[in-house]
Amino acid sequence: MAHELDVWLFADRIGTLALIEGRLSFCYAQAWLAKPNAVALSTSLPLQAEPFDDHKTRPFFAGLLPEGQMRRLIAQQFQVSRQNDFALLDHIGGECAGAVTFLEPEQVLPAPTQRDDVQWLSDEDVVAILDELPRRPMLAGNVGLRLSLAGAQDKLPVIFDGGRLGLPRNGTPSSHILKPAIHAVEDSVINEGFCMALAEAMQLKPAKSKIHAVLHRTFLLVERYDRIVDAQGKRLRLHQEDFCQALAVVPEMKYQNEGGPNLAQCFELVRRVTRPSAPQILRLLDYVIFNALIGNHDAHAKNFSLLYTGETPVLAPLYDTLSTAVYPTLTSKMAMKIGSKYKFSEIQLRHWDQFAESTGLAKAQTKRRILELAKNLPPTARKLQSDSGRGFGNNAVVERIIALIEQRCALTIRRLSNLRTDGEAAIDPST
């Protein structure tokens, strides 16, 4: 027995997702293939008349769904198996990352003039939702809400108009992602807010974000880079996909040590699909260096994306970046190796050289950029901390982040300048 969902991209039905005897299959619609401006849903799903089997289909579509405990609770809410990607997309696949939407056969997307269906929230409503999210991720099951975002941490697509928060109903595109505090991770909102602000101060062009508070409850509001507002003031979707989706890697294998993408594959992807690729490659290099120096050990391939803004994709803004290394209970291993090393404290000049060689970068140019960022990052972090308008000045986690950055940058400068001293491996207590 087959079950089917129509797959829409922007305002076009482009194909069918089917569940056949427990396996997924995707096939482009003939009408879509016949269009002269037809585009592929994913780099891993090129335009073709033949259907894609489960092995080819699942990475992209499963990659749209929440992971871990969030997935389990959503599946429980709808009384379906947590392994049933199809059923989960059926229930929550209305507002996803990028421009893809799932509808029952014969359903059509609402006309653009009918899309502004927003449930505006009072401050009390926002606090109630913050309390509810750990039990009901994505507010799954609420009438009119079909919301999905990848990842294992609580988050929620919302609309923010500068003053009010609202829930996007019945296919309305969201404008922001609300990220509440992570359970058992001290001041995670301040941590991510500071790291994102630091990336902005370093001119790395991250996703725009701001720490927000409602009735003394803080959360991060991240402006969606895959949404734009047109000349008529209408919010529109842009398509995007993360590197795991583009490389046909299922989300449960996103970490390199379990078979997921490595940095060489990430750089090869950007070099292959972007034009001109050189600026995108250099941006990705900056992201890798920045994540290493701030101690973001969770920078796996699902935390990098391609954004489709024209004929060819570009590297999406930096997102989901926080210093995990300041927490002793979290892993000391980076999500992807630099050279042959997972631990930052073990990285020598030769490992950066290995990284450069494997990713097709010039060793000398890579070294210069690492040193440039390592020299500029600590004073930029201290300046951001001292900005009285940002609220970072008296926070203990921010101070620990900056201390770690100073240690890592000093260690990097010494090693890349061949100024190694005895016992320097102990410089970085987080390894």
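See the structure shown above.
To keep things clear, this report deals only with the structure shown in the data block.

As for the overall build of the chain
- Scanning the chain from terminus to terminus reveals 12 helices and 15 strands.
- Computed over the C-alpha atoms, the radius of gyration of the chain is 22 Å, within 12% of the 22 Å expected from 2.2 N^0.38 for a compact globule of 431 residues.
- Counting the 431 residues in the chain, one finds 54% classified as buried.
- Pairs at least 24 residues apart make up 64% of the contacts formed inside the chain by residues separated by at least 6 positions.
- Surface exposure of the chain reaches about 18,700 Å², of which carbon and sulfur atoms provide 51%.
- Between the averaged position of the 49 positive side-chain charges in the chain and that of its 48 negative side-chain charges there is a distance of 5 Å.

Things to note about unusual backbone geometry
- Here R275 and P276 are connected by a cis peptide whose omega angle stands at -10°.
- Among the structural elements, P276 can be located in the loop between α8 (263–273) and α9 (277–294).
- With phi around 55°, Q79 is a residue other than glycine that occupies positive phi space.
- Unusually for a residue other than glycine, D187 sits at a positive phi of about 50°.
- Note that D187 resides in the loop between β8 (176–180) and α6 (188–201).

Some remarks on the side chain of T380
- On the secondary structure map, T380 appears in helix α11 (residues 363–386).
- In this structure the side chain of T380 is engaged in a polar contact, spanning 2.7 Å, whose partner is the backbone oxygen of N376.
- What T380 contacts, discounting residues up to four positions off in sequence, is L198, A201 and M202.

As for the packing of aromatic side chains
- Counting across every chain of the model gives 11 aromatic pairs.
- Between F60 and F61 the ring centres are 5.2 Å apart and the planes differ by 85°, which places this aromatic pair in the edge-to-face class.
- Taking the centre distance of 5.8 Å and the plane angle of 85° together, the rings of W352 and F355 count as edge-to-face. Of the two residues, W352 and F355 are both situated in helix α10 (residues 349–359); the distance of three residues between them amounts to about one turn of the helix. Judged on exposure class, the residue W352 and its partner F355 are both buried.
- Here the aromatic cluster, defined as three or more aromatic residues joined through ring pairs, consists of F26, Y28, F52, F60, F61 and F102.
- When the ring centre of Y342 is taken as reference, the NZ or CZ atom of K333 above it lies at 4.5 Å.
- Above the ring of F344, the side-chain terminus of R408 is found at 4.4 Å from the ring centroid.

Each value, and the rule that gives it
- Residues numbered from 1 in each chain as written.
- Predicted model: local features only at pLDDT ≥ 70, side-chain atom pairs only at ≥ 80, totals over all residues.
- Heavy atoms only, no water.
- Helix = DSSP H or I, 4+ residues; strand = E, 2+ residues; numbered from the N terminus.
- Rg over C-alpha atoms; globule rule 2.2 N^0.38 Å.
- Buried < 20%, exposed > 50% of the residue type's maximum accessible area, 1.4 Å probe, protein only.
- Contact = heavy atoms within 4.5 Å.
- Areas by Shrake-Rupley, 256 points an atom, 1.4 Å probe, with all protein chains shown as cover.
- Lys, Arg positive; Asp, Glu negative; His and termini not counted.
- Charge placed at Lys NZ, Arg CZ, Asp CG, Glu CD.
- Polar contact = N/O pair within 3.5 Å; in protein donor to acceptor, adjacent residues only side chain to side chain.
- Phe/Tyr/Trp six-rings, centres within 6.5 Å; stacked < 30°, edge-to-face > 60°.
- Lys NZ or Arg CZ within 6 Å of the ring centre and 35° of its normal.

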